[in-house]
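# Chains, contacts and geometry: an overview
Listed below, chain by chain, are the residues.
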Amino acid sequence: MFIPTILKEIDTVLRQVEENQLQDIALQMQKANRIFVIGEGRSGLMAKSFAMRLMHLGATVYVVGETITPSIASGDLLVAISGSGTTKNVVWTAEKSRSLGCSVIAMTTNPESALAGVSTEILHVPAATKYRRENELKTIQPLGSLFDQCAHIIFDALCLHFSALNEVDHTAVFGRHSNLE
């Protein structure tokens, strides 16, 4: 009985996301020297999932905070995810990235947040967060589950756009999949 409600909530949010904006962001990703992603908690897990799939698609991509992540530089792109847009480490990383000449795409529910304010583009995901602000969509789910679910699907849609731009087929993607399992 919960699954239909969860699916309806996800559908309500995703119908408000502009597919044209996703195409534009995929083009920005294609043009970037390298792609960096950051998020904390479950949003961080969505960011890592996104980075993994981008690697499968042939992108040069790094997760901020991992031991093998190099320094970010002008011409790179940071994708920063925070439901509230106030996660301190994510906001600080976006500020630092901008100061170094990088583009920053913020995925957040709050287009008025600190993260949105320092970003070059805002990918607004109108879902509920753990804070349950007055203007947020109502949800039966705990904390930021609805935001995280929608973020995962949006990231997969971005990957499809990126894949189409780069003409990457399943065989190439599978060839980059881990073979140490």
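The text that follows walks through the structure, step by step, so that each part is easy to find. Note that this is a predicted model, so its numbers are computed, not measured. (Residues numbered from 1 in each chain as written. Predicted model: local features only at pLDDT ≥ 70, side-chain atom pairs only at ≥ 80, totals over all residues. Heavy atoms only, no water.)

What follows is about the pattern of salt bridges. According to the stated counting rule, one finds four salt bridges in the structure shown. A salt bridge links R34 to D76; the nearest nitrogen and oxygen atoms lie 2.6 Å apart. Separated by 42 residues along the polypeptide, R34 in the loop between α2 (19-31) and β1 (35-38) and D76 in the loop between β2 (61-63) and β3 (77-81) bring together distant segments of the chain. By the burial criterion, R34 is buried, and D76 matches it. Among the salt bridges present, the one from D148 reaches R42, with a minimum N-O distance of 3.0 Å. With D148 in helix α6 (residues 145-166) and R42 in helix α3 (residues 41-56), the pair connects residues that are 106 residues apart, well separated along the chain. The exposure class assigned to R42 is partly exposed, which follows from its relative accessible area of 47%. (Salt bridge = Lys/Arg side-chain N within 4 Å of Asp/Glu carboxyl O. Helix = DSSP H or I, 4+ residues; strand = E, 2+ residues; numbered from the N terminus. Buried < 20%, exposed > 50% of the residue type's maximum accessible area, 1.4 Å probe, protein only.)

One way to put it is that helix α1 (residues 2-14) packs onto α6 with a least axis distance of 10 Å and a crossing angle of 60 degrees. The angle between the axes of α1 and α6 places the two elements in the oblique class. Crossing hand, α1 versus α6: right-handed. Taken together, the residues of α6 that come into contact with α1 (itself represented by I6, E9, I10, V13 and L14) are L146, Q149, C150, I153 and I154. Partitioned by chemical class, the residues of the contact of α1 with α6 number eight nonpolar, one polar and one charged. (Axes fitted to C-alpha atoms, helices over the stretch in contact; angles between N-to-C directions. Parallel < 35°, antiparallel > 145°, perpendicular 65-115°, else oblique. Left-handed = near helix turned anticlockwise from the far one by under 90°. Contact = heavy atoms within 4.5 Å. Nonpolar A, V, L, I, M, F, W, Y, C, P; charged D, E, K, R; others polar.)

Now for α2. Taking 1.5 Å per residue as the helical rise, α2 with its 13 residues ought to reach 18 Å, and the 19 Å between its terminal C-alpha atoms agrees with that figure. Among the residues of α2, those classed as buried are Q21, L22, I25, A26 and M29. Buried residues in α2, looked at end-on, bunch into an arc of 140 degrees, giving them a common side. Turned more than 90 degrees away from the buried face of α2 sit N20 and K31, all of them exposed. Those residues of α2 that are buried are in contact with β1, α3, β3, β4 (103-108), β5 (121-124) and α6. (Expected span 1.5 Å × (residues − 1). Arc of directions from axis to C-beta.)

Below, the discussion takes up the nonpolar core. Membership of the largest hydrophobic core comes to 39 residues, with the highest contact counts inside it found for F50, L54, M107 and L123. A per-element tally of this core places α6 first, with 10 residues. For L123, the residues in contact, after removing those within four places along its chain, are V17, Q21, L22, I25, I105, A106, M107, T108, I154 and L158. Among the nonpolar cores identified, the runner-up in size contains 13 residues, and I38, A80, V104 and L115 belong to it. (Core = buried A, V, L, I, M, F, W, Y, C linked by side-chain atoms within 4.5 Å.)

Just geometry here; none of it tells us what the structure is for.
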